[in-house]
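Here is what each chain is made of, one letter per residue.
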Amino acid sequence: MRKITKIEIITRASKLEELKEALNKIGVQGMTVSQVYGCGLQKGHTEVYRGKQYSVNLVPKVKIETIVCAVPVELVLETARKALQTGHIGDGKIFVYDVENAMRIRTGTMGDKAITDDEA
Ligand SMILES: Nc1ncnc2c1ncn2[C@@H]1O[C@H](COP(=O)(O)OP(=O)(O)OP(=O)(O)O)[C@@H](O)[C@H]1O
Ligand SMILES: [Mg+2]
């Protein structure tokens, strides 16, 4: 069984279309998109103020999850970076996870074969 990896990208909602197209171009086989609220190192504020305690502000973001096995993880990361990087605060974050198993429910196919289109 080939390695299965989940890549979770949290970024600006305005970048969703661009990212979706870029991922489609490199052959990503599926994705799940959610509207989420979050904050990172600036606690949702656009500037860091020193010496004062500011409350956490939750900013609307989009979360894109894709599970890959045939498409190299490095290619997904680089493609996402190219599509999303503006250099400004709030570009987002990417988290990478090992996936233990997967099932295509229609056929009961398990493992990497559940992700690839070998038997679509
Ligand atoms: N440590 C974390 N745990 C869970 N979610 C996080 C974490 N850091 C960031 N996120 C999610 O990623 C989104 C985007 O984060 P953001 O781009 O502001 O990260 P950052 O680390 O503050 O980087 P930057 O300095 O570019 O703003 C957040 O709104 C949140 O949903
Ligand atoms: Mg931030």
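Data block above holds the structure.
Below or above, wherever it landed, is the structure these notes cover. This structure is a prediction, so every number in the text was calculated from the model and none was measured. (Residues numbered from 1 in each chain as written. Chains lettered and ligands numbered in written order. Predicted model: local features only at pLDDT ≥ 70, side-chain atom pairs only at ≥ 80, totals over all residues. Heavy atoms only, no water.)

**Remarks on the pattern of salt bridges**
Here is step 1 of the chain: Across all of its chains, the model carries eight salt bridges by this definition.
Here is step 2 of the chain: Linking Glu8 and Lys6 is a salt bridge whose minimum nitrogen-to-oxygen distance equals 3.9 Å.
Here is step 3 of the chain: For Arg81, the salt bridge identified is with Glu78, shortest N-O distance 2.5 Å. Here Glu78 and Arg81 lie together in helix α2 (residues 73-84), a separation of three residues that amounts to about one turn.
Here is step 4 of the chain: Taken together, the shared-partner salt bridges connect Lys6, Glu8 and Glu65 into one network. (Salt bridge = Lys/Arg side-chain N within 4 Å of Asp/Glu carboxyl O. Helix = DSSP H or I, 4+ residues; strand = E, 2+ residues; numbered from the N terminus.)

**Here we look at the site of ligand 1**
Here is step 1 of the chain: Taken together, 13 residues lie around ligand 1, and Leu41, Gln42, Gly90, Gly92 and Lys93 are the ones closest in.
Here is step 2 of the chain: Leu41 has a polar backbone atom sitting 2.7 Å from an oxygen atom of ligand 1.
Here is step 3 of the chain: Gln42 is positioned such that a nitrogen or oxygen atom in its side chain is 2.8 Å from an oxygen atom of ligand 1.
Here is step 4 of the chain: For ligand 1, whose accessible area on its own is 610 Å², the fraction buried by protein is 70%.
Here is step 5 of the chain: Split into classes, the residues belonging to the shell around ligand 1 amount to five nonpolar, five polar and three charged. (Near = heavy atom within 4 Å. Polar contact = N/O pair within 3.5 Å; in protein donor to acceptor, adjacent residues only side chain to side chain. Areas by Shrake-Rupley, 256 points an atom, 1.4 Å probe, with all protein chains shown as cover. Nonpolar A, V, L, I, M, F, W, Y, C, P; charged D, E, K, R; others polar.)

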